[in-house]
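Here are the chains, one letter per residue:
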Amino acid sequence: VWSAITNKRTLHGSLCIRIRQPHGSAEANIFLTAYQMRDLALVLNSHADRLDELKHELDYLQTAAE
């Protein structure tokens, strides 16, 4: 994800998603406003936090099972 300030002094961002598989590939380009970039960052951070919580839960369950 990258952002830039245009000559009109508006903030915009671009997100490019590329998926490559042996049987084909796909690409999607998404242009975002500053608010959309902020919201995307908040959602990604929320998911990262949840993954950390799940890792701790897994560690606890593995220790309890031993």
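Residues numbered from 1 in each chain as written. Predicted model: local features only at pLDDT ≥ 70, side-chain atom pairs only at ≥ 80, totals over all residues. Heavy atoms only, no water.

Undergrad: Just checking my understanding: could you explain the environment of Ala26 for this structure?
TA: Along the chain, the position of Ala26 falls in strand 3 (residues 24–33). Residue contacts for Ala26: discarding those within four places in its chain leaves Ile17, Arg18 and Ile19. (Helix = DSSP H or I, 4+ residues; strand = E, 2+ residues; numbered from the N terminus. Contact = heavy atoms within 4.5 Å.)

Undergrad: What's the story with a nonpolar patch on the surface in this structure? I'm lost.
TA: A grouping of Ile17, Ile19 and Ile30 is seen on the molecular surface, where their side chains present a nonpolar patch of about 230 Å² in accessible area. Here Ile17 is to be found in strand 2 (residues 11–21). Accessibility expressed as a relative area gives 39% for Ile17, which makes it partly exposed. (Patch = residues over 30% accessible without salt bridge, like charges linked within 9 Å, V, L, I, M, F, W, Y side chains within 5 Å. Areas by Shrake-Rupley, 256 points an atom, 1.4 Å probe, with all protein chains shown as cover. Salt bridge = Lys/Arg side-chain N within 4 Å of Asp/Glu carboxyl O. Buried < 20%, exposed > 50% of the residue type's maximum accessible area, 1.4 Å probe, protein only.)

Undergrad: Help me understand the pattern of salt bridges in this model?
TA: Any two side chains of opposite charge can pair, on the condition that their charged atoms come close. Under the definition given, this model contains five salt bridges. Here Glu53 ties to Arg50 by a salt bridge, and the two come within 3.1 Å at their closest N and O atoms. Placement of both Glu53 and Arg50 in helix 1 (residues 34–65) is noted, with a separation of three residues, approximately one turn of the helix. A relative accessible area of 43% places Glu53 in the partly exposed class. We classify Arg50 as partly exposed; its relative accessible area is 38%.

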